[in-house]
Amino acid sequence: MSFFNMELFFSTLAVLLLAVSVSPQEMAYEHMLAQLQACPKECRCPPSFPNAVYCDNRALKRIPKIPPFTWYLYLQNNLIDALAADIFSNATQLKWINLNRNKISNEGLEEGTFRALSSLVHLYMDDNLLTAVPSPLPPKLEQLHFSRNKISKIPPGVFMGLDRLTLLDLQGNKLQDDAVTEVNFKGLNNLVQINLAKNQLNNMPPALPATTTQLYLDGNNIEKIPAEYFKGLPKISFLRLNRNKLVTGGFPNNIFNISSMLDLQLSYNKLTEVPVIPSGLEHLHLDHNNIKNVNGSDICPVPAAMLDDYFEERGPKLRYLRLDGNEIKPPIPRELMVCFRLLRAVVI
Ligand SMILES: *[C@@H]1O[C@H](CO)[C@@H](O)[C@H](O)[C@H]1NC(C)=O
Ligand SMILES: *[C@@H]1O[C@H](CO)[C@@H](O)[C@H](O)[C@H]1NC(C)=O
Ligand SMILES: *[C@@H]1O[C@H](CO)[C@@H](O)[C@H](O)[C@H]1NC(C)=O
């Protein structure tokens, strides 16, 4: 029955197309031709990829006039330092803009530059000179990349309504605790990954969206974690806190015992003990801390007596363990190997 309907659908479609006497191929061809004719002289518009415009690596200081059918726009590795408010006014179909490695500052970015981009899904602005997250941002964004700018400010409400955003990359900026306040991340109802590594945070960022599964905070100055912190992050699976100042006692020892956790990285901190880990954890990085010894039965998330019963479904899942750069003396405790039967590698 549904097959029959499908045929009907296609024959109807064919009739409709005949009525306007343009086949899909011809329509695509017309678009392609218009696109090629409008291709800026500074850029390449390959006929085999008619919705892409390549203007990267040209020492451009300004964005050329972008043809209206452009979906993918490559402008990385130029010297662009200013974007006029109307620069994308004809390119309303843009889905993807790469502006990595330019010289764009907030002063050079006229307000409303991104407003017309109602189809924009990915915006790349890594390695520029931004000091604040630009505002307003287009509403359908799924990925925002602002690595290695000089961002110290996040305007209030700038992420409001971005409920398709899954990835927010703000690593390598100058964010301090007061910039990363509660209101700033409100509205990001589908955020999966947030990267705040290499900023100047002394505390864990408060009130992140409950959908967050990947939280990257490497290279900050975080010493402690509030006891209830992960209560608001029930899906957290990948947590990176390498190169901070975490001390044993700066958080409850069982704070990482969260059933969704898969990958926990706490390298280059000041821990003296191994924290409690959940049974489902697959990767654990504890290298370069001040841990003196590892008690194989203490670290095991399942009591030794129950290991055999548990093994099939709920046995410890750890596959990769790093303990090097501590004060632990080999050999690896036997209990550790008995507990973590799936271990592929231990670095000690
Ligand atoms: C937009 O299109 C109009 C009409 O073709 C043209 O005059 C104008 O220069 C274009 N603007 C930009 C920024 O591309
Ligand atoms: C870790 O979490 C599991 C599952 O929630 C729980 O059964 C176990 O007692 C916890 N371990 C510690 C030491 O808190
Ligand atoms: C490990 O800890 C348990 C108690 O949690 C203790 O009974 C055992 O002796 C310890 N093992 C070593 C080698 O210190």
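About the cut-offs
- Residues numbered from 1 in each chain as written.
- Chains lettered and ligands numbered in written order.
- Predicted model: local features only at pLDDT ≥ 70, side-chain atom pairs only at ≥ 80, totals over all residues.
- Helix = DSSP H or I, 4+ residues; strand = E, 2+ residues; numbered from the N terminus.
- Rg over C-alpha atoms; globule rule 2.2 N^0.38 Å.
- Buried ≥ 20, exposed ≤ 12 C-beta atoms within 10 Å, placed from the backbone.
- Contact = placed C-beta atoms within 7 Å.
- UniProt positions renumbered as here; feature names shortened; annotations may be inferred.
- Near = placed C-beta within 6 Å.
- Nonpolar A, V, L, I, M, F, W, Y, C, P; charged D, E, K, R; others polar.
- Core = buried A, V, L, I, M, F, W, Y, C linked by C-beta atoms within 7 Å.
- pLDDT = per-residue confidence, 0-100.

Enquirer: Got a sec to walk through the overall build of the protein chain? Specific residues and values, please.
Expert: The number of helices and strands found in the protein chain is six helices and 13 strands. Compactness check: the protein chain gives a C-alpha radius of gyration of 26 Å against a globular reference of 20 Å for 348 residues, more than 25% above the reference. By its C-alpha atoms, the protein chain is 75 × 60 × 35 Å across when sized along the principal axes. In the protein chain, which comprises 348 residues, the share counted as buried stands at 33%. If you take every contact in the protein chain between residues at least 6 apart in sequence, the share linking residues at least 24 apart comes to 49%.

Enquirer: Quick one: what's the story with the environment of tyrosine 268, residue by residue and with numbers?
Expert: If you trace the backbone, tyrosine 268 turns up in the loop between strand 10 (263–265) and strand 11 (283–285). On the neighbour-count criterion, tyrosine 268 (19 C-beta atoms within 10 Å) is partly exposed. In contact with tyrosine 268, other than residues within four places in its own chain, are Asn242, Arg243 and His288.

Enquirer: Residue-level account of the UniProt feature "domain: LRRNT" (unreviewed entry) in the protein chain, with values.
Expert: When the UniProt feature table is mapped onto this chain numbering, "domain: LRRNT" (unreviewed entry) sits at residues 38–72. For residues 38–72, the end-to-end C-alpha separation is 15 Å, with 0% helix and 11% strand making up the annotated structure.

Enquirer: Help me get a handle on the site of ligand 1, residues and values and all.
Expert: For ligand 1, the full set of nearby residues is Lys65, Asp86, Ile87, Ser89 and Asn90. Grouping the amino acids of the shell around ligand 1 by side-chain chemistry returns one nonpolar, two polar and two charged.

Enquirer: Pulling in residues and values, what's your account of unusual backbone geometry?
Expert: In this structure, proline 136 follows serine 135 across a cis peptide bond, with omega equal to 0°. Along the chain, proline 136 turns up in the loop between strand 4 (122–124) and strand 5 (143–145). Going from proline 330 to proline 331, the amide bond is cis rather than trans, its omega being 5°. On the secondary structure map, proline 331 appears in the loop between strand 12 (320–322) and helix 6 (334–339). Within the chain, tyrosine 268 stands out as a residue other than glycine whose phi angle is a positive 55°. With phi around 60°, histidine 288 is a residue other than glycine that occupies positive phi space.

Enquirer: Give me the lowdown on the nonpolar core, citing residues and values where you can.
Expert: Core analysis: the biggest nonpolar cluster contains 77 residues, and Val53, Leu165, Leu196, Leu217 and Leu264 have the highest contact counts within it. Those elements giving two or more residues to this core turn out to be strand 2 (72–74), strand 4, strand 8 (214–216) and helix 6. Not counting residues up to four positions away in its chain, the partners in contact with valine 53 are Cys39, Cys43, Cys45, Ile66, Pro67, Thr70, Leu73 and Tyr74.

Enquirer: Explain the confidence of the model for the protein chain residue by residue, including any values.
Expert: Per-chain confidence: the protein chain averages 89 in pLDDT, with 91% of residues scoring 70 or above. Scored below 50 in pLDDT, residues 1–22 makes four contacts in the model with residues more than four places away or belonging to other chains.

Enquirer: Please set out the environment of leucine 281 residue by residue, giving values where relevant.
Expert: Here leucine 281 lies in the loop between strand 10 and strand 11. Judged by the 24 C-beta atoms lying within 10 Å of it, leucine 281 falls in the buried class. Sequence separation of leucine 281 and tyrosine 320 is 39 residues, and the distance between their C-alpha atoms is 9.5 Å. Aside from chain neighbours lying at most four places away, what touches leucine 281 is Met261, Leu262, Leu264, Lys317 and Leu318.

Enquirer: Tell me about the environment of leucine 123, and please be specific about residues and values.
Expert: With respect to the helices and strands, leucine 123 occurs in strand 4. In this structure the C-alpha to C-alpha distance between leucine 123 and asparagine 100, which are 23 residues apart in sequence, comes to 9.3 Å.

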